[in-house]
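Secondary and tertiary structure notes
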Amino acid sequence: MLKKQIGIIGLGIMGTNLTLNFEKNGYQISIFNRTKDKINELMLNYPKKNIKPYYTLKEFISSLNHPKYILLMVKSGKATDETIKKLIPYLKKKDIIIDGGNTYFKDTIKRYNKLKKIGIDFIGMGISGGEEGALNGASIMPGGDKTIYNKISHFLIKIAAKKNNRSCVDYIGPNGSGHYVKMIHNGIEYGNMQLISETYNILKNILLINNKKISKIFNKWNKKELNSYLIKITRNILKFKNKKNKYLIDLILDKADNKGTGKWASISALELESPFSLITEAVFNRYLSNLKEERKIASKNKKIINKKIKRIKEKIFINDLEHALYFGIIISYTQGFLLMQKASRKYKWNLNYSVIAKIFQEGCIIKAKILNKIRSIYKKNNQIKNLLLSSFFQKKTKKYQSSIRNIIIESIKHGIPTPTLSSALSYYDSYNSDKLPANLIQAQRDYFGNHMYERTDKKGKFHTNWKI
Ligand SMILES: NC(=O)C1=CN([C@@H]2O[C@H](COP(=O)(O)OP(=O)(O)OC[C@H]3O[C@@H](n4cnc5c(N)ncnc54)[C@H](OP(=O)(O)O)[C@@H]3O)[C@@H](O)[C@H]2O)C=CC1
Ligand SMILES: O=C(CO)[C@H](O)[C@H](O)COP(=O)(O)O
């Protein structure tokens, strides 16, 4: 019997491992890459009879039966456009292109519409899990026509990560929604990574703890409610030594790059007017980290305070830090899920957040114990206005707020930056305030621009001639 066929274009880190994942699951894979080296490398390292290499697009396409399933794993943006353009002349109606890259959701919407006109089906599909997930089971977020998803779901279910025997893939929603959800996944990823790195910085530069001990602290935290993929890899990174017996972390430059998904998420938050302060802080801090040379010069003006917290207090402080980090993580997921809710209403996607939380629970970078709670909250009420209104997170944040306040105060005193921890607390304090000073902003806008204001004592819009 003819094996089910998939074509994969793009044999970078992800494409190579997804090829192997498909092969393991019994599929016959045709592979193609813009340059030959990666094809040869894959065939040399993994000479499997169900992986067929092709060196021209024409041969690659001819190797697939109609309707053809073609997964693109190329760089997002121009590379994806160029690849689709080259593919079109070889395709027939009902062939399906799946874009598995980190594509900007608005580009996906455009490509879907363009391909629809010529009868080619298109699925924009977020994939998370990095190289390990691609090989052993990824978290997959497909968006597009449900009927087309139904045609490809059989193989997505196979290559997806599994959590309690359930595959971490499901239909996300119409055109663009799959890549949107992946973009938010990455936003939360940025938030959580920055929060963890601030915590590491506090342990290192306030408590003056060494890498080995910090790794042990993360290891302990990973066994409790903070359990997550990112905490686990942080633990591993911190204890990793090179051949010269030096901690590698201490040899890595303090500059963090990005490929744009966090920025896109923040842009969307601004467009949809949804508070996304913690994640945006994380994006800004990647940019700030890259100003290494300027920071070097500026740091000469900073008075370093290196007073270690007294030993007796260390235990309490680490306990506070654990709670502060969990508090921050709550806000990171809260802001991410809120933005998806906003986008779902705006673009009429009808997103199901407990399904999304389920997809995030295994195989992806933001997989974490907290998602179990998030999933059950949305399962009870898919339209809850804010996760902080759920009794679980209300109680947790109430309990941990004094810890995060202590940590921020101590960090400020020591001159240790806590942009996302501080942002988490500010968001919490604002969201939990019946009264904010926006009355003054209304008055100022009315004063200088006649923008009018609303009142507490009567309905309507009012203007005052403030200058008399
Ligand atoms: N790495 C990760 O952890 C994750 C990555 N992704 C996304 O998956 C996609 C692939 O990522 P990854 O495997 O890491 O990328 P790599 O950088 O490892 O590989 C990039 C691939 O894109 C191809 N490519 C680049 N430019 C062009 C072009 N102009 N035309 C045709 N092909 C081109 C490259 O071909 P060539 O060899 O010829 O240069 C190569 O196959 C990206 O969209 C990425 O954002 C998604 C989730 C996780
Ligand atoms: O999608 C991913 C993980 O989920 C990719 O690893 C992505 O590259 C991460 O984003 P950035 O490079 O901007 O840190």
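Residues numbered from 1 in each chain as written. Chains lettered and ligands numbered in written order. Predicted model: local features only at pLDDT ≥ 70, side-chain atom pairs only at ≥ 80, totals over all residues. Heavy atoms only, no water.

1. Some details on the site of ligand 1
Spelled out, the test is: Here, proximity means that at least one heavy atom of the residue falls within 4 Å of the molecule or strand. Within 3.5 Å is the distance limit for a polar contact, defined as a pair of N or O atoms, with the added protein rule that one can donate a hydrogen and the other accept it, and that residues adjacent in sequence qualify only through two side-chain atoms. Accessible surface is estimated by sampling points in the Shrake-Rupley manner with a 1.4 Å probe; for residues, cover comes only from the protein chains shown. Polar here means any residue other than Ala, Val, Leu, Ile, Met, Phe, Trp, Tyr, Cys and Pro, which are nonpolar, and Asp, Glu, Lys and Arg, which are charged; Gly is therefore polar.
In the vicinity of ligand 1 there are 21 residues, among which Met-14, Asn-33, Arg-34, Thr-35 and Lys-38 approach most closely. Ile-13 is positioned such that a nitrogen or oxygen atom in its backbone is 3.0 Å from an oxygen atom of ligand 1. At 3.1 Å, a side-chain N or O of Glu-82 approaches a nitrogen atom of ligand 1. In isolation ligand 1 exposes 890 Å². Once the protein is present, 80% of that is buried. Among the residues forming the shell around ligand 1, the class breakdown is seven nonpolar, nine polar and five charged.

2. Some points on the environment of Ser-422
Condition: Under the scheme used here, helices are H or I runs from DSSP no shorter than 4 residues and strands are E runs no shorter than 2 residues, and both carry numbers assigned from the N terminus.
Within the secondary structure, Ser-422 is located in helix H18 (residues 419-431). Once the C-alpha coordinates of Ser-422 and Asn-219 are considered, the two residues, 203 residues apart in sequence, prove to be 24 Å apart.

3. Observations regarding the side chain of Lys-292
Formally: Any pair of residues with heavy atoms lying within 4.5 Å of one another is described as a contacting pair.
With respect to the helices and strands, the residue Lys-292 is situated in helix H13 (residues 292-298). The residues contacting Lys-292, other than those within four sequence positions of it, are Leu-253, Asp-254 and Lys-255.

4. Quick look at the side chain of His-179
For the record, the criterion: To sort residues, take the accessible area from a 1.4 Å probe on protein chains only and compare it with the maximum for the residue type: under 20% means buried, over 50% means exposed, and anything in between is partly exposed.
Relative to the assigned elements, His-179 resides in helix H8 (residues 177-205). On the basis of relative accessible area, His-179 is assigned to the buried category, the value being 2%. Within the structure, the side chain of His-179 is placed 2.7 Å from the side chain of Thr-108, a separation counted as a polar contact. Not counting chain neighbours up to four residues away, the residues in contact with His-179 comprise Asp-99, Gly-101, Thr-103, Phe-105, Thr-108, Gly-124, Met-125, Gly-126 and Met-141.

5. Comments concerning the packing of H8 against helix H12 (residues 277-289)
Between two packed helices, the angle of one axis relative to the other and the distance separating the axes together describe the packing. The cut-off we apply is this: A fitted line through C-alpha atoms serves as each axis, taken over the contacting stretch for helices, and the angle formed by two N-to-C directions is quoted from 0 to 180°. For classification purposes, angles smaller than 35 degrees are called roughly parallel, those larger than 145 roughly antiparallel, those between 65 and 115 roughly perpendicular, and all remaining angles oblique.
At a minimum axis distance of 8 Å, the contact between H8 and H12 shows a crossing angle of 70 degrees. When the axes of H8 and H12 are compared, the pair comes out roughly perpendicular. For the pair formed by H8 and H12, the contact residues are Gly-187, Ile-188, Tyr-190, Gly-191, Met-193, Gln-194 and Leu-195 on the first element and Leu-278, Ile-279, Ala-282, Val-283, Asn-285 and Arg-286 on the second.

6. Focus on the sheet that holds strand E2 (residues 28-32)
Rule in force here: Paired strands, in this sense, are two strands between which DSSP finds at least two bridges.
Spatially, seven strands are ordered E3-E2-E1-E4-E5-E6-E7 in an open sheet, and the strand pairing comes out mixed. Two strands close off the open sheet at either side, each with one partner strand: strand E3 (51-53) and strand E7 (139-143). Neighbour to neighbour, the strand axes of the sheet diverge by 25 degrees on average, direction disregarded. Both E2 and E3 contribute to a ladder of three bridges, which runs parallel.

7. Points about H18
Rule in force here: For a helix, the expected span equals 1.5 Å multiplied by the number of residues minus one.
End to end, H18 covers 18 Å across 13 residues, agreeing with the expected 18 Å (1.5 Å per residue, within 8%). Turning to H18, its buried residues number three or more, namely Pro-419, Thr-420, Leu-421, Ser-423, Ala-424, Leu-425, Tyr-427 and Tyr-428.

8. Section: the pattern of salt bridges
Selection rule: The salt bridge definition used is simple: a Lys or Arg side-chain nitrogen within 4 Å of an Asp or Glu carboxyl oxygen.
Tallied over the full model, the rule gives 16 salt bridges. In this structure, Lys-116 and Asp-145 form a salt bridge, with 2.6 Å as the shortest nitrogen-oxygen distance. Separated by 29 residues along the polypeptide, Lys-116 in helix H5 (residues 105-117) and Asp-145 in the loop between E7 and helix H7 (146-159) bring together distant segments of the chain. Note on Asp-145: relative accessible area 19%, which makes it buried. In this structure, Lys-358 engages Asp-170 in a salt bridge whose closest nitrogen and oxygen atoms are separated by 3.1 Å. With Lys-358 in helix H15 (residues 353-360) and Asp-170 in the loop between strand E9 (166-167) and H8, this pair connects stretches of sequence that are 188 residues apart. Owing to a relative accessible area of 11%, Lys-358 belongs among the buried residues under this scheme. Judged by its relative accessible area of 25%, Asp-170 falls in the partly exposed class.

9. Brief notes about the site of ligand 2
In the vicinity of ligand 2, the residues found are Asn-102, Ser-128, Lys-182, His-185, Asn-186, Glu-189, Tyr-190, Asn-258, Lys-259, Arg-286 and Ile-365. Between an oxygen atom of ligand 2 and a side-chain N or O atom of Glu-189, the distance comes to 2.7 Å. Between ligand 2 and Tyr-190, the relevant distance is 2.5 Å, taken from an oxygen atom to a side-chain nitrogen or oxygen of the residue. In terms of residue count, the dominant contributor to the shell around ligand 2 is H8 (five residues). Per-class residue counts for the shell around ligand 2 are two nonpolar, five polar and four charged.

10. Overview of the UniProt feature "binding site: substrate" (unreviewed entry) in the protein chain
The criterion, for reference: UniProt positions are given in the numbering used here, feature names are shortened, and annotations may be inferred rather than shown by experiment.
Feature annotation in UniProt assigns "binding site: substrate" (unreviewed entry) to the following positions: Asn-102, Ser-128, Gly-129, Gly-130, His-185, Asn-186, Tyr-190, Lys-259, Arg-286, Arg-445 and His-451. Spanning 350 residues, the named residues are also spread out in space, since their farthest C-alpha pair is 49.0 Å apart. Relative to the helices and strands, Asn-186 is located in helix H8. If we skip the residues at most four places from it in the chain, Asn-186 touches Asn-102 and Thr-261. Among the structural elements, Arg-445 can be located in helix H19 (residues 438-449). A relative accessible area of 38% means that Arg-445 is categorised as partly exposed. With residues up to four places along the chain from it excluded, the contact list for Arg-445 reads Asn-450 and His-451.

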